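# Coordinates in review
Letter by letter, the chains look like this.
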Amino acid sequence: MALRIRSKEDFWSGLMFIGFGAVAALVGRTYNVGTAMDMGPGYFPTYLGVILVLIGTLIAVRSFWVVGEGVGRFAFRPVLFLSGAFAAFGLLMESGGLVLALLALLGLSAAAGERFHPWQFVLLAVVIVGGSAALFVYGLGLPFRLLPWE
């Protein structure tokens, strides 16, 4: 009996997990791994990579038994908007502060979706920005500027 891939999306996503996990584990091994009680800089990427390889293997093996919907067309809009959202967040954290960086991240991420409701964005922005400022700046005391003029 020949094995046949029944769920191409599971098969390819499993291979993607395996690939990213293998790279993370191999790169992590170039650093001092340490032990569970005395973790080195390579500990987290090495073991996270191993976990990703295991998850990817399970997903890829599952593709031989579960029937999937098939791989659809490539979604350019979400890829472009989400890439821009991550880039804007990184750039604005340096120059614009936490509030502007999060607003750009949330706005561009919301624009990546098919359904965009302004009232949901406002509610999400208030919760995320307020919670992040409370947790990271005031709770943990991290040295993040909230606004560009601070």
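Bear in mind the structure is a predicted one, so any value in this text is a computation, not a measurement. All residue numbers refer to position in the chain's written sequence, counted from 1. A pLDDT threshold of at least 70 governs which residues receive local features in this predicted model, and a stricter bar of 80 or more applies before side-chain atom pairs are shown or counted, although totals over entire chains, interfaces and linings include all residues. By convention in this description, side-chain values take in all heavy atoms of the structure and omit both hydrogens and water.

### Digging into the overall build of the chain
Worth spelling out the cut-off: Secondary structure elements follow DSSP: runs of H or I of four or more residues count as helices, runs of E of two or more count as strands, with numbering from the N terminus. It is over C-alpha atoms that the radius of gyration is taken, and the globule rule equals 2.2 Å times the number of residues to the power 0.38. Classification of residues uses two cut-offs on accessible area relative to the type maximum, computed with a 1.4 Å probe and protein chains only: under 20% is buried, over 50% is exposed, and between them is partly exposed. What sets the accessible areas is the Shrake-Rupley method with a 1.4 Å probe; for residues, cover comes only from the shown protein chains. The charge count treats Lys and Arg as positive and Asp and Glu as negative. His and the chain ends do not count. Just so you know, the charge point we use is NZ for Lys, CZ for Arg, CG for Asp and CD for Glu.
Helix and strand counts for the chain come out as five helices and zero strands. When the helices and strands of the chain are read in sequence order from the N terminus, they spell out α-α-α-α-α. Taking 15 Å as the expected radius of gyration for a compact globule of 150 residues, we find that the chain reaches 20 Å, considerably beyond that expectation. With the C-alpha coordinates of the chain rotated into their principal frame, the extents come out at 65 × 45 × 20 Å. The proportion of buried residues among the 150 residues of the chain is 23%. For the chain, the exposed surface amounts to about 10,700 Å²; the carbon and sulfur share of it is 73%. For the chain, the centre of its 9 positive side-chain charges and the centre of its 7 negative side-chain charges are spaced 11 Å apart.

### Here's the deal with the packing of helix H1 (residues 8-28) against helix H2 (residues 43-62)
Using the following cut-off: Helix axes are fitted only over the stretch in contact, all axes being lines through C-alpha atoms; the angle between N-to-C directions runs from 0 to 180 degrees. Roughly parallel means an angle under 35 degrees; roughly antiparallel, over 145; roughly perpendicular, 65 to 115; everything else is oblique. By the definition used in this description, the sense in which the near helix is turned from the far one sets the handedness, with an anticlockwise turn below a right angle giving left-handed and a clockwise turn giving right-handed. A contact between two residues is defined here by any heavy atoms of the two lying within 4.5 Å. Residue polarity follows a fixed list, in which Ala, Val, Leu, Ile, Met, Phe, Trp, Tyr, Cys and Pro are nonpolar, Asp, Glu, Lys and Arg are charged, and the others, Gly among them, are polar.
Running from N to C, H1 and H2 cross one another at 160 degrees; their axes reach a closest spacing of 7 Å. If you check the angle between H1 and H2, you find them roughly antiparallel. Considering how the two elements wind past one another, H1 and H2 form a crossing that is left-handed. Within the contact between the two elements, H1 uses Asp 10, Phe 11, Ser 13, Gly 14, Phe 17, Ile 18, Gly 21, Ala 22, Ala 24, Ala 25 and Gly 28 and H2 uses Pro 45, Thr 46, Gly 49, Val 50, Leu 52, Val 53, Ile 55, Gly 56, Thr 57, Ile 59, Ala 60 and Arg 62. Per-class residue counts for the contact of H1 with H2 are 13 nonpolar, eight polar and two charged.

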